[in-house]
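Architecture and fold: a report
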Amino acid sequence: MSTTERNYKVPTMADMTASGEEPEILFWVGCAGSFDDRYKRVTIAFVRILNHVGIKFAVLGPEEGCTGDPARRAGNEFLFQMQAMANIQVLNGYNVKKIVTACPHCFNTLKNEYPELGGNYEVIHHSQFLQGLINEGRVRVKDGESFKGRRITFHDSCYLGRANKVYEAPRDVLAALDADLVEMKRVRANGLCCGAGGGQYFKEPEPGKKDVNVERVEEALSTGADTIAVACPFCMTMMSDGVKNKNKEDSVRVYDISELIAQGQGL
Amino acid sequence: MEIFQQVLFVAALAAVAWYITQRVRLISRAINLGRPENRFDHADERLKTMLLVAFGQKKMFTNPLVGVMHFVIYAGFIIINLEILEIILDGVLGTHRLFAPYITPVYPVLIDIFEVLAFGVLVVCVVFLCRRFVAKVARFQPERHREMARWPQVDAAIILTAEILLMIAFLTWNASDSVLRDRGIGHYGELKGIVPDFIISQYLKPLFTNFSDTALMAYERIAWWFHILGILAFAIYVTYSKHLHIALGFPNVYFSDLQPKGEMQNMPEITKEVQLALGLPVTTEADGSQPNDNGQQPAEIGRFGAKDVQDLKWINLMNAYSCTECGRCTAACPANITGKKLSPRKIMMDTRDRMEEIQRGWKANGNDYRDDKSLLNDYITAEELNACTTCQACVMACPVNINPLDIILQLRRYRVMEESEAPASWNAMFSNIENNMAPWKFSPSDRFNWADQVND
Ligand code: SF4
Ligand code: SF4
């Protein structure tokens, strides 16, 4: 792909600790970011940005486990707490203070639900983190791909937006691109769910007129956007499936905001 | 004659007061079925929320036109209470327009304000009837929302019609009174020259000019009695209706979740079990308190999750009594929008219906009566519960800060933990998390494989 030799690094907490170092941030990758083929590309894009701006970060690698979010929302509190306690033991063992994650579900759980079980960290969603980098001028989108003339619409993730009131950060990140940002009819506090939250992703939807992601993609398409930007692994899958359902996969693409920034930077 | 009317009036007042007290007792007893939960913290923030959301009707104004219309009814309700105070005192004391001589210059201004509001309420009620039954605003239609069939529609029609009739009675009462005053009859005439015609009812006077004095006096009395008895009857009716929100909306918002957050409430009784299972020091007792070794019995563990209203928290039950059945939650619900059976409004209405069923049981069989029904299954089905994406749209949309999602999640907990009744694919997800530390069937040792591709 690239003509230059790439040299991106992904240090783990275990490596760092072994060499007596402490990272500025822990990047919590999440299950989708680790295993889902499409979302792995988002993980990679974000890691490249982290490398590019020279932030000292680490991941847990094989020591990371599901936060337990889908189990908890589905009603399995036992399983959730087993996961949470195990993760908290690992995180506290490494004396982790600051966590960045690209998954709003991990973000919500780590930020709001772990403290009561003994896990207290500063938790930041990657949209907020990228917004900070852009504001500080550490990320400038001009070396890579141009977005001139492209229309981007942003789909709010429920667990980022309504659940945690992060509405502007992802929009600010997208504003750094020289694209046209168009809003859908239902946005921010009014946003329409992608249909995956609360464990829905892991089962067939109940019978109805149509699937939620199809409804949402219809709304996204009606803005005339050629790019649907998301900030959540589940939204990513649901929007991509919806676009396929509408046979628009050749003209409309779904990207995570960090992928767009990485493209804009030529990473 | 006059004294007879006074006695009758006081008796009516007393009967209504007694009856409403009974209703309040019954309803608070039903709300107290719920589990305890501290909602008395952060008084400042709660007060602020109540001022904004309940008094200020902040969330109603997301649709400005409906916001303004609802505000007219709301202001009418609160301000007209001043007028009702005079009416009640007149009724008890056998006086006529008691306040007029004491606050002469302000009096007509006040009544003019009441009349404008009454007229506003009347117009808005007509518009609301039309929205519901002629223009057929989607979220009110029983064809699309089965929880709206029958009683909720009848209830809405009764309330709106009653308000219209009450306002007509008030305005025509003022008009007939003005004509009697002009004619200088009896105690009506005593206010001639002191009380002028009023801003709206002056235009209704021509309706009464052909009436004989006796007929006019009869109409004045009938309208007066109709108006005040109507209001008293309305006060009782409200306790059976979704219009209970005019009273409970305020405390409901005061005690609401302070901000919609994705956080699900922790279950300390499970924390203890998990800590024991993992060999960790126990940091919480089942009731959430700190552990102690003084040999005290730990708090009794109830059910995991909720099967019936007794397992919910009191605030969930107050929520149910405060629901206005407006359906803003349901109109925002992605599951409902796409035709699934789930409707957050129905969740709230079912919860209230279940409490009312329990109350009927108490009445018929004594206060310790328990039937063998439950909110789960008899009212709310698994299909509805399983469809929720926990997106919080319903929580955000509700104008009185009700949280239907909280109930849904507690019922899900019961189904999964007590009945092991999760959909098969959820059980697969659970066992994947348990065995592979991820909801999918991948080996945990492959978790870091993505890193091999960063330099591709
Ligand atoms: S949280 Fe559940 S019930 Fe509420 S709007 Fe979302 S899907 Fe519907
Ligand atoms: S829960 Fe709130 S939004 Fe839903 S119907 Fe009741 S009052 Fe309206």
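Rules used throughout
- Residues numbered from 1 in each chain as written.
- Chains lettered and ligands numbered in written order.
- Predicted model: local features only at pLDDT ≥ 70, side-chain atom pairs only at ≥ 80, totals over all residues.
- Heavy atoms only, no water.
- Helix = DSSP H or I, 4+ residues; strand = E, 2+ residues; numbered from the N terminus.
- Rg over C-alpha atoms; globule rule 2.2 N^0.38 Å.
- Buried < 20%, exposed > 50% of the residue type's maximum accessible area, 1.4 Å probe, protein only.
- Contact = heavy atoms within 4.5 Å.
- Areas by Shrake-Rupley, 256 points an atom, 1.4 Å probe, with all protein chains shown as cover.
- Lys, Arg positive; Asp, Glu negative; His and termini not counted.
- Charge placed at Lys NZ, Arg CZ, Asp CG, Glu CD.
- Buried area = accessible area lost by both parts, 1.4 Å probe.
- Salt bridge = Lys/Arg side-chain N within 4 Å of Asp/Glu carboxyl O.
- Polar contact = N/O pair within 3.5 Å; in protein donor to acceptor, adjacent residues only side chain to side chain.
- UniProt positions renumbered as here; feature names shortened; annotations may be inferred.
- Pairing = 2+ DSSP bridges.
- Axes fitted to C-alpha atoms, helices over the stretch in contact; angles between N-to-C directions.
- Near = heavy atom within 4 Å.
- Parallel < 35°, antiparallel > 145°, perpendicular 65-115°, else oblique.
- Left-handed = near helix turned anticlockwise from the far one by under 90°.
- Core = buried A, V, L, I, M, F, W, Y, C linked by side-chain atoms within 4.5 Å.
- pLDDT = per-residue confidence, 0-100.
- Domains from an automatic or database assignment.

Under an unreviewed UniProt entry, chain B has the name Fe-S oxidoreductase and belongs to Spirosoma radiotolerans.

Chain A carries the name CoB--CoM heterodisulfide reductase in an unreviewed UniProt entry, which gives Spirosoma radiotolerans as its organism.

Observations concerning the overall build of chain A
Each helix and strand in chain A was counted, giving eleven helices and eight strands. In terms of overall size, chain A behaves like a compact globule, its C-alpha atoms giving a radius of gyration of 18 Å where 267 residues would be expected to give roughly 18 Å. With the C-alpha coordinates aligned to their principal axes, the bounding extent of chain A is approximately 50 × 50 × 30 Å. Relative to its 267 residues, chain A shows a buried fraction of 64%. Taking the intrachain contacts of chain A between residues at least 6 apart in sequence as the baseline, contacts between residues at least 24 apart amount to 79%. Accessible area of chain A: about 9,800 Å², with a carbon and sulfur share of 45%. Positive and negative side-chain charges in chain A, numbering 32 and 35 respectively, have mean positions lying 4 Å apart.

Some details on the interface of chain B and chain A
Across the boundary between the two partners, chain B contributes 60 residues, which contact 72 residues of chain A. Ranking the residues of chain B by area buried against chain A places B:Trp440, B:Arg447 and B:Trp450 at the top, with a combined share of 14%. In this assembly, chain B and chain A are joined by two salt bridges. Taking the shortest distance from any N to any O, the salt bridge between A:Glu77 and B:Arg413 comes out at 2.8 Å. At the boundary of chain B with chain A, the tally comes to 31 residue pairs in polar contact (both at pLDDT 80 or more). Examining the composition of the side of chain B that touches chain A, we find that six residues originate from one element, helix H18 (residues 424-436) of chain B, more than from any other.

Here we look at the UniProt feature "transmembrane region" (unreviewed entry) in chain B
Residue and element names in this part refer to chain B. As recorded in UniProt, the sites labelled "transmembrane region" (unreviewed entry) are residues 6-21, 65-89, 109-130, 151-173 and 222-240. Taken end to end, residues 109-130 comprises 100% helix and 0% strand; its first and last C-alpha atoms sit 32 Å apart. Across residues 151-173, helical content stands at 100% and strand content at 0%; the span's end C-alpha atoms are separated by 32 Å.

Here we look at the sheet that holds strand S7 (residues 227-230) of chain A
Residues and elements named next belong to chain A. Spatially, the four strands line up as an open sheet ordered S6-S5-S7-S8, and their pairing is parallel. At either margin of the open sheet sits one strand with a lone partner, and together these are strand S6 (180-182) and strand S8 (253-256). With strand direction ignored, the average angle separating the axes of adjacent strands in the sheet is 35 degrees. Pairing of strand S5 (residues 151-154) with S7 involves three bridges; the strand directions are parallel. Pairing of Phe154 across the sheet is with Ala229, part of S7. Across the sheet, helix H11 (residues 257-265) lies against S5, S7 and S8, angled at about 90 degrees from S8, the strand it touches most.

Let's talk about the site of ligand 1
Neighbouring residues of ligand 1: 13 residues in total, closest B:Cys333, B:Cys388, B:Thr389, B:Cys391 and B:Cys394. Listed by contribution, the elements that provide at least two residues to the shell around ligand 1 are helix H16 (393-397) and helix H17 (404-418) of chain B.

Examining the packing of helix H5 (residues 77-93) of chain A against helix H9 (residues 268-277) of chain B
Packing of H5(A) against H9(B) leaves a shortest axis separation of 9 Å and a crossing angle of 55 degrees. Considering the angle they form, H5(A) stands oblique to H9(B). Note that H5(A) runs across H9(B); the crossing there is right-handed. Listed contacts from H9(B) to A:Glu77, A:Phe78, A:Gln81, A:Met82 and A:Met85 of H5(A) are B:Ile270, B:Thr271, B:Glu273, B:Val274 and B:Gln275.

Quick notes on the nonpolar core
Across soluble globular proteins, you tend to see nonpolar side chains buried next to one another. Of all hydrophobic cores here, the largest spans 108 residues; its most connected members are A:Val10, A:Phe57, A:Leu91, A:Phe129, B:Phe430 and B:Trp450. At nine residues, the largest contribution of residues to this core is made by helix H3 (residues 37-53) of chain A. The contacts of B:Trp450, once residues within four sequence positions are left out, are A:Val10, A:Val29, A:Gly33, A:Ser34, A:Lys40, A:Thr43, A:Ile44, A:Val47 and A:Val59. Within the second largest apolar cluster, 56 residues are counted, among which are B:Met264, B:Tyr321, B:Ile402 and B:Ile408.

With respect to the sheet that holds strand S4 (residues 122-125) of chain A
Residue and element names in this part refer to chain A. Across the sheet, which stays open at both edges, the four strands sit in the order S2-S1-S3-S4 with parallel pairing between neighbours. Only two strands of the sheet have a single partner each, and these edge strands are strand S2 (57-58) and S4. For strand S3 (residues 98-101) and S4, the ladder comprises four bridges, and the chain directions are parallel. When the sheet's bridge partners are listed, Ile99 is paired in S4 with Val123. Sheet strands in contact with H3 are strand S1 (25-28), S2 and S3, and its direction is about 165 degrees off that of S1.

Some details on the side chain of A:Thr223
Following the sequence through the fold, A:Thr223 ends up in the loop between helix H9 (212-221) and S7. Beyond its immediate sequence surroundings of up to four residues, A:Thr223 is in contact with A:Arg151, A:Thr153, A:Val182, A:Glu183 and A:Met184.

Focus: the confidence of the model for chain B
Within chain B, residue pLDDT values average 92, and 96% of them lie at 70 or more. Both scores are given for the predicted complex: the pTM is 0.94, the ipTM 0.95.

Notes on the domain arrangement of chain A
Residue and element names in this part refer to chain A. In terms of domains, chain A is made up of domain 1 (13-131) and domain 2 (141-265). Each of domain 1 and domain 2 has a C-alpha centre, and the two are 22 Å apart. Tallying the contact residues gives 26 residues for domain 1 and 30 residues for domain 2. Taken over both partners, the interface formed by domain 1 and domain 2 buries close to 2,200 Å², and the fraction arising from carbon and sulfur atoms is 68%. Together, Arg38, Pro104 and His105 form the three largest contributors to the area buried by domain 1 at its contact with domain 2, with a combined 23%. Counting across the domain 1 and domain 2 interface gives one salt bridge. Of the charged contacts, one joins Arg38 and Glu259 as a salt bridge, the two residues approaching to 2.8 Å between their closest N and O atoms. Elements with a contribution of two residues or more to the side of domain 1 that touches domain 2: H3, helix H4 (69-74), helix H6 (104-113) and helix H7 (126-135). Per-element accounting of the side of domain 1 that touches domain 2 gives the leading share, eight residues, to H3.

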